[in-house]
Amino acid sequence: MDSLLKQDVCIPVSSRSGSSDLKGHLFLTSADPHAVLTIHPATATPERFYFSFAEAAAARGFAVVTYGFRGVGDRRAARAHRHLRMRDWICEDVAAAGAWAEESFPDLPHTALGHSLGGHALLLGSGGQRLSGIVTITTAMVAARSIAPRSERWRVEVGLGVFGRVATRVCG
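Attention here is on the structure that accompanies the text. All residue numbers refer to positions counted from 1 along the written sequence of the respective chain. Per-residue local features of the predicted model are confined to residues with pLDDT of at least 70, and side-chain atom pairs are confined, for both listing and counting, to 80 or more; whole-chain, interface and lining totals are unaffected and use all residues. Side-chain figures throughout are based on the complete set of non-hydrogen atoms in the structure, without hydrogens or water.

### Examining the overall build of the protein chain
Here is step 1 of the chain: Here a strand is any run of E in DSSP of at least two residues, a helix any run of H or I of at least four, and the numbering for each starts at the N terminus. Along the backbone of the protein chain there are five helices and six strands.
Here is step 2 of the chain: Mapped from its N terminus to its C terminus, the protein chain presents α and β elements in the order β-β-β-α-β-α-α-β-α-β-α.
Here is step 3 of the chain: Projected onto its principal axes, the C-alpha positions of the protein chain cover 55 × 40 × 25 Å.
Here is step 4 of the chain: A burial count over the protein chain gives 38% of its 172 residues as buried.
Here is step 5 of the chain: Two residues form a contact once any of their heavy atoms are found within 4.5 Å. Sequence-distant contacts in the protein chain: of pairs separated by 6 or more residues, those separated by 24 or more amount to 63%.
Here is step 6 of the chain: Only the protein chains shown count as covering a residue, and every accessible area follows the Shrake-Rupley method with a 1.4 Å probe. Entry remark: accessible area of the protein chain is about 10200 Å², with carbon and sulfur atoms responsible for 56%.
Here is step 7 of the chain: Only four residue types enter the tally: Lys and Arg on the positive side, Asp and Glu on the negative side; His and the chain ends are excluded. By convention, the charge on Lys lies at NZ, on Arg at CZ, on Asp at CG and on Glu at CD. Averaging the positions of the 19 positive and the 15 negative side-chain charges in the protein chain gives two centres separated by 13 Å. Only protein chains enter the accessibility calculation, which uses a 1.4 Å probe; a residue whose area is less than 20% of its type maximum is buried, one above 50% is exposed, and one in between is partly exposed.

Here it is, written out as structure tokens:
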């Protein structure tokens, strides 16, 4: 079995609030990878949560990119990025990680795994221009019209449409 290499990476992010960086890791074996897998995290999920999966995928020939959203991981990061919103993670962080993977491995096929918010970002097209495929895990359905029964659909629409909007305006 090839030995596993885990390298620190710094992914530049062009942001509406100024440039900054994503901290992440690249998992490889000593053999040449046959494809790239970028793992886009869930909200408030530290990057290390994905390390075991990244190691397993790297052992099977993938170059695996993991990272954490700006402002997630420790108090200092949260304070430094307290102005960020989910839309910034989706439009800026996910896009930057996908672009970095594409630039780093231009000759390989690219795939992406999105967990929760990371899956939403991929479905919205923020994960890269050259993706051969995506997988989403625990990415909730956002189309209330397909929720059955009607009583549950009504609860979701009122909860998200009324209380969700109020909470967003109050809390940001």
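### A closer look at the side chain of histidine 40
Here is step 1 of the chain: On the secondary structure map, histidine 40 appears in strand β3 (residues 35-40).
Here is step 2 of the chain: Ignoring anything within four residues of it in the chain, the contact list for histidine 40 reads Tyr67, Val94, Ala97, Gly98, Ala112, Leu113, Gly114, His115, Gly118, Leu122 and Gly127.

### Side note on a nonpolar patch on the surface
Here is step 1 of the chain: Each patch is built from residues lacking any salt bridge and having more than 30% relative accessible area; the joining distance is 9 Å for like charges and 5 Å for nonpolar side chains (Val, Leu, Ile, Met, Phe, Trp, Tyr). Salt bridges are identified by distance alone: a Lys or Arg side-chain nitrogen within 4 Å of an Asp or Glu carboxyl oxygen. Together, Val162, Phe163, Val166 and Val170 make up a nonpolar patch on the protein surface, roughly 410 Å² of accessible area in all.
Here is step 2 of the chain: Counting through the fold element by element, valine 166 comes out in helix α5 (residues 150-171).

### Observations concerning the pairing of strand β1 (residues 4-13)
Here is step 1 of the chain: By the bridge criterion, ten bridges tie β1 to strand β2 (residues 20-29) in an arrangement that is antiparallel. Paired with valine 13 across the strands is serine 20, a residue of β2.
Here is step 2 of the chain: Connecting β1 to the next strand, β2, in antiparallel fashion are six residues, including glycine 18 with a positive phi near 110°. We treat two strands as partners when DSSP finds at least two bridges between them.

### Here we look at unusual backbone geometry
Here is step 1 of the chain: Within the chain, serine 116 stands out as a residue other than glycine whose phi angle is a positive 55°.
Here is step 2 of the chain: Relative to the assigned elements, serine 116 resides in the loop between β5 (110-115) and α4 (117-123).
Here is step 3 of the chain: With phi around 50°, threonine 138 is a residue other than glycine that occupies positive phi space.
Here is step 4 of the chain: Following the sequence through the fold, threonine 138 ends up in the loop between β6 (131-137) and α5.

### A closer look at the packing of aromatic side chains
In this description, an aromatic ring pair is defined by two values, namely the gap between the centres and the angle between the planes.
Here is step 1 of the chain: Classification of ring pairs uses Phe, Tyr and Trp, with its six-membered ring standing for Trp, and accepts pairs whose centres are within 6.5 Å; under 30 degrees between planes counts as stacked, over 60 as edge-to-face, and the remaining range as tilted. A full pass over the atoms with the stated rule returns four aromatic pairs.
Here is step 2 of the chain: For the ring pair tyrosine 67 and phenylalanine 69, a centre distance of 5.9 Å and an interplane angle of 80° mean the geometry is edge-to-face. A single burial state applies to tyrosine 67 and to phenylalanine 69, both of which are buried.
Here is step 3 of the chain: Ring geometry for phenylalanine 69 against tryptophan 89: centres 4.9 Å apart, planes inclined by 10°, an arrangement best described as stacked. Of the two residues, phenylalanine 69 sits in the loop between β4 (62-67) and α2 (75-80) while tryptophan 89 sits in helix α3 (residues 86-104), which places them 20 residues apart along the sequence.

Function cannot be inferred from these measures alone, as they are strictly geometric.
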